[in-house]
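Architecture at a glance
Given next are the chains, with one letter for each unit.
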Amino acid sequence: MIADALKAGVVLLLAAVIQVSIMSSIDVVGAAPNLLLVTLLSVALLRGPIFGAACGFYAGLLLDTADLATLGFTSLLLTVGAYWIGRYGETTGRDRFHAPYVSVGVVTVLYAIGALALHFTLGDQASARVVLVDGLLPSVVFNLLLTAPVYVLVRRLLRPLDRGDRSTEVSLLG
Amino acid sequence: MGVLVLLSLTLITIYFRESASGSLHGVQSTGATVLRPFEIGAERIARPFRDVYGYFAGLVHAKSENAKLRTEVDALRQQSIQNSTARQENEALRRQLRYVDGPRFPADYTPINARVMGRPPSEFEQQIVISTGTANGVVAHAPVVTSDGLVGQVSLAYGRVAQVTLITDANSAVAATDLRSGASGVLRHGQGVGSLILDFVPKESVVKPGDIIVTAGSPSGSKLPSLYPRGIQIGRVSSVNQNDTELYKQVQVEPFVAFGSLDAVAVLESSRTSPGLP
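Every residue gets a number counted from 1 within its own chain, in the order that chain's sequence is written. For naming, the first written chain is A and the first written ligand is 1, with later ones following in the order written. Local features in this predicted model are restricted to residues of pLDDT 70 or higher, and side-chain atom pairs are both shown and tallied only at a pLDDT of 80 or more, whereas totals for entire chains, interfaces and linings draw on every residue. Calculated side-chain values reflect all of the structure's heavy atoms, with hydrogen atoms and water omitted.

Here we look at the overall build of chain B
Worth spelling out the cut-off: Going along the chain from the N terminus, every DSSP run of H or I of four or more residues is numbered as a helix, and every run of E of two or more is numbered as a strand. We call a residue buried when its accessible area falls under 20% of the maximum for its residue type, exposed when it is over 50%, and partly exposed in between, using a 1.4 Å probe and counting protein chains only. Any pair of residues with heavy atoms lying within 4.5 Å of one another is described as a contacting pair. In this description, accessible areas are obtained by the Shrake-Rupley approach with a 1.4 Å probe, and a residue is regarded as covered only by the protein chains that are shown.
The secondary structure content of chain B amounts to three helices and 12 strands. Counting only residues that meet the buried cut, chain B has 37% of its 278 residues in that class. A separation threshold of at least 6 residues defines the contact pool for chain B, and within that pool the share at least 24 residues apart is 59%. If you sum the accessible surface of chain B, you get close to 16,000 Å²; carbon and sulfur atoms cover 57% of it.

Shown next, in the form of C-alpha cells:
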C-alpha cells in the first residue's frame, strides 16, 4: 500500500506539472486535454474509491497550488470524481474494457458542470455557454484520446489487485 | 471520502475569507516555490517542440502576411516621422508650462521580465503564473505587458512566483480609449474565450474597424486612479455595431497579445508616484 501510494504520488505530481506547464497551453477549438484528470481516474479505477479519493484530494491541492487558485476548489471536485470512479471500478466496471473510457467521458462532463456550479457559488463570473457548449465536446474528445496510453502506463505502475485483495463490500454473483 | 470533502470545503472557505497574507496563502506560496523548479523544467523541455510547431504553423500564412506587413511598414514609417516632430514639440511645451503629470509609459516604468510558468487552467480562470515575485519588486496590481501590448495585472504576489489576471478574464475591466478618435470606454471580456469588447462607448462617438485601442489611464476628475498608465496598446477594433435599443455601441476588439502562447511577460514597476488629489 505504501509503495502504491508513493508511485501514485509521483505519477500525479508529474501529471500536475505537465498539465500546468504544457497541456494548458494547447488550445484547439477552445479546449485543452486534462492529463491530471485522466491519470487520476486511471489510478482510481485500479485502486478503488478510498485510495482514489485520497489521490484526488492530493492532485487537486497540487493543481491549486501550482495555479495559485483557491485552495480546496479542485480538490473537492477531484475527490468526489475519483471516489465515484473507484466505486465503479470495483463493481460494474470491474475488468471491463470500456471502463476507462466511460469513466473519463462521464467525469469530464460532470467535472465541467461541477466547476461551473462551484464558480457560481463563489460568485465568479462564468459563461455556461463557453464551458458546456463550446468547450465540452472537444475536452471530452481530448481526454478520451489520452485515456488509452495513460491507462496502460498507470496499469504498468499499479498492477490490478487480485480478487482477494479487493473490497469485500460488494461481490458480484455469477 | 466525507472527511476529505469536508476538508476541501473548509479549505475553500478559509482561503476565500482570509487576506493575501493569511496562513493558507503562505502555505500555498511555499508549495508554489517548491513546484517552481519542476514547472520551469517542464516548460524548458516543451519549448523546442512548441517553437517547431509555431514555426511550421507560421509558414502557412507567411506569404500573405508578408505582403500585408510591408504595406503597413511603409505607412507606419511616414507616421513615425510625423510623430517624432510632434513628440519634440510636446516635450518643449511641457517644459515651458512646467506640466506636472503622473508616471508615463514607458519612460517612468522599469520592466521586471518573467517567464510564464503556468497558463490559464480553464475557461473560467484567465490567469497565468509567472516566475517572479515580491523578492524582485513585484507588487500586487502592477500592470503586466509584452512587446505586443497589455496582458493584465498582478493579482497575487508571493516571494518567487506571482499570479497575473489577464485582461480576457471575466472579472477584468480596463479603462481604454480609441487612439484615433478619442472615444473612451471600458474594455471587458467578450462572449467567447479570449474575446474583448469595448463597452460603454456612447453612440455619438466615432469608432471604426481598424482603430487602435490603448489604455486610457486615469480620467480627469476621477477619484480612483487607474491601475494602468495611459498609452499601452491593447488591440484593434474588429467590428462596430449599434442598434436603436442599446444605449452604447458594441465594439469588438481583437487583442494584439496572443494570450494562448505567452512565454514571457514584463511586470511594470513605476519609478514615479502619481500626483495626489487635493
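Things to note about the sheet that holds strand β7 (residues 184-189) of chain B
All names here are of chain B. Short version of the rule: Each pair of strands is called paired provided DSSP finds at least two bridges between the two strands. Fitted lines through C-alpha atoms give the axes, limited to the stretch in contact for helices. The angle between two N-to-C directions lies from 0 to 180 degrees.
Sheet architecture is closed into a barrel: six strands sit in the order β6-β7-β8-β11-β10-β9, paired in antiparallel fashion. Strand-to-strand twist across the sheet, computed as the mean angle between neighbouring axes with direction ignored, equals 40 degrees. Two elements, strand β8 (residues 196-199) and strand β11 (residues 250-255), share three bridges in a ladder whose sense is antiparallel. From the neighbouring strand, I197 faces β11, where its bridge partner is Q252.

Regarding the pairing of strand β10 (residues 233-241) of chain B
All names here are of chain B. As defined by bridge partners, strand β9 (residues 212-215) adjoins β10 across three bridges and the pair is classed as antiparallel. Counted as the bridge partner of I213 is G235 from β10. Here six bridges tie β10 to β11, and the two strands are oriented antiparallel to one another. Within β11, the position partnered with G235 by the bridge is P255.

Some details on the confidence of the model for chain B
All names here are of chain B. Inclusion rule: Scored from 0 to 100, pLDDT reflects the predictor's confidence in each residue.
Overall, the prediction assigns chain B a mean pLDDT of 83, with 90% of residues at 70 or greater. The lowest-confidence element of chain B is helix α3 (residues 62-97), averaging 79 in pLDDT; the highest-confidence one is strand β3 (residues 143-145), averaging 94. Scored as a whole, the predicted complex attains pTM 0.76, and scored at its interfaces, ipTM 0.81.

Description of the interface of chain B and chain A
Inclusion rule: Simply put, the buried area is the total loss of 1.4 Å probe accessible area from both parts when two parts are fitted together. Identification of polar contacts relies on pairs of N or O atoms within 3.5 Å, with a donor-acceptor requirement for protein atoms, meaning one able to donate a hydrogen and the other able to accept it, and with residues adjacent in sequence counted only if both atoms are side-chain atoms. The residue classification treats Ala, Val, Leu, Ile, Met, Phe, Trp, Tyr, Cys and Pro as nonpolar and Asp, Glu, Lys and Arg as charged. All others, Gly included, are polar.
If you look at the interface, chain B gives 41 residues, while chain A gives 41 residues. Across the interface of chain B and chain A, roughly 3,500 Å² is buried in total on both sides, 71% from carbon and sulfur atoms. Taken together, the connections running from chain B to chain A amount to six residue pairs in polar contact (both at pLDDT 80 or more). For the side of chain B that touches chain A, the secondary structure elements donating two or more residues are α1 (2-17), α2 (23-60), β1 (109-118) and β5 (162-166) of chain B. The dominant element in the side of chain B that touches chain A, judged by the number of residues it contributes, is α2 of chain B, at 11 residues. Across the side of chain B that touches chain A, the residue classes tally to 26 nonpolar, nine polar and six charged.

What to know about helix α1 (residues 2-21) of chain A
What counts, and what does not: To estimate the expected span of a helix, subtract one from its residue number and multiply by 1.5 Å.
Along its 20 residues, α1 of chain A runs 28 Å from first to last C-alpha, staying within 8% of the 28 Å computed at 1.5 Å per residue. If you check which residues of α1 of chain A are buried, you get D4, A8, G9, V11, L12, A15, A16, V17, Q19, V20 and S21 of chain A.

Remarks on a nonpolar patch on the surface
All names here are of chain A. Just so we agree on the cut-off: Residues qualify for a patch when their relative accessible area is over 30% and they have no salt bridge, like charges being joined within 9 Å and the nonpolar side chains of Val, Leu, Ile, Met, Phe, Trp and Tyr within 5 Å. The term salt bridge refers to a side-chain nitrogen of Lys or Arg lying within 4 Å of a carboxyl oxygen of Asp or Glu.
On the surface, W84, V102, V106, L110, I113, L132 and V133 cluster together to form a nonpolar patch covering roughly 570 Å² of accessible area. Mapped by element, the contributors of at least two residues to the nonpolar patch are α5 (99-121) and α6 (128-134). Among the elements that line the nonpolar patch, the one with the most residues is α5, at four residues. Taking relative accessible area as the criterion, V106 reaches 33% and is therefore assigned partly exposed.

As for the packing of aromatic side chains
The criterion, for reference: Ring pairs shown here join Phe, Tyr and Trp side chains whose ring centres sit within 6.5 Å, with only the six-membered ring taken for Trp; geometry is labelled stacked below 30 degrees between planes, edge-to-face above 60, and tilted in between.
Within this structure, the stated rule accounts for two aromatic pairs over all chains. Between the aromatic rings of F97 of chain A and Y101 of chain A, the centroid separation amounts to 5.9 Å while the plane-to-plane angle is 45 degrees, which identifies the pairing as tilted. With a relative accessible area of 30%, Y101 of chain A lands in the partly exposed category. Seen in terms of ring centroids, F200 of chain B and Y248 of chain B are 5.3 Å apart; in terms of plane orientation they differ by 90 degrees. Their pairing is edge-to-face. Here the residue F200 of chain B occupies a position in the loop between β8 and β9, and Y248 of chain B occupies one in the loop between β10 and β11, the gap between them amounting to 48 residues. Classification of F200 of chain B as partly exposed rests on a relative accessible area of 40%. Y248 of chain B gets classed as partly exposed once you look at its relative accessible area, which sits at 33%.

Some thoughts on the confidence of the model for chain A
Residues with a pLDDT of 70 or more make up 92% of chain A, whose mean pLDDT is 86. Per-element averaging of pLDDT across chain A places α6 of chain A at the bottom with 75 and helix α2 (residues 35-47) of chain A at the top with 94.

Looking at the nonpolar core
Put simply, the rule is: Among the buried residues, those of types Ala, Val, Leu, Ile, Met, Phe, Trp, Tyr and Cys that are joined through side-chain atoms within 4.5 Å form a nonpolar core.
If you look at the biggest cluster of nonpolar residues, it comprises 44 residues, and the most contacted ones within it are L36, V43, C55 and L78 of chain A. Here the element with the most residues in this core is α2 of chain A; it accounts for 10 residues.

Things to note about the pairing of β7 of chain B
Residues and elements named next belong to chain B. Sheet topology places strand β6 (residues 173-178) next to β7; five bridges connect them, and they run antiparallel. Counted as the bridge partner of T177 is S184 from β7. Count of turn residues in the β6/β7 antiparallel hairpin: five residues, of which G182 carries a positive phi of about 80 degrees. When β7 meets β8, the two strands line up antiparallel, connected through four bridges. When the bridges of β8 are listed, H189 appears paired with L196.

Examining a positive patch on the surface
As a reminder of what qualifies: A residue counts as positive if it is Lys or Arg and as negative if it is Asp or Glu; His and the chain ends are not included. To locate a charge, take atom NZ for lysine, CZ for arginine, CG for aspartate or CD for glutamate.
On the surface, a cluster of positive charge is made up of K7, R155, R156 and R159 of chain A. Structurally, R159 of chain A can be placed in the segment after α7 (136-157).

Some points on the sheet that holds β5 of chain B
Spatially, β1-β2-β5-β4-β3-β12 (chain B) is the arrangement adopted by the six strands of the closed barrel, whose pairing is antiparallel. Sheet twist, expressed as the mean angle between neighbouring strand axes with direction ignored, is 45 degrees.

Section: the pattern of salt bridges
Under the definition given, this model contains seven salt bridges over all chains. We note a salt bridge from R87 of chain A to E90 of chain A, for which the minimum N-O separation is 3.5 Å. With R87 of chain A and E90 of chain A both in helix α4 (residues 73-90) and three residues apart, this pair spans about one turn of that helix. A salt bridge links E43 of chain B to R47 of chain B, with the nearest nitrogen and oxygen atoms 3.3 Å apart. A residue pair is termed a helical-turn pair when its members lie 3 or 4 positions apart in one helix, as E43 of chain B and R47 of chain B do in helix α2 at four residues. According to the relative accessible area criterion, E43 of chain B is buried, its value standing at 1%. Taken together, the shared-partner salt bridges in this structure form one network comprising E43, R47 and R115 of chain B.

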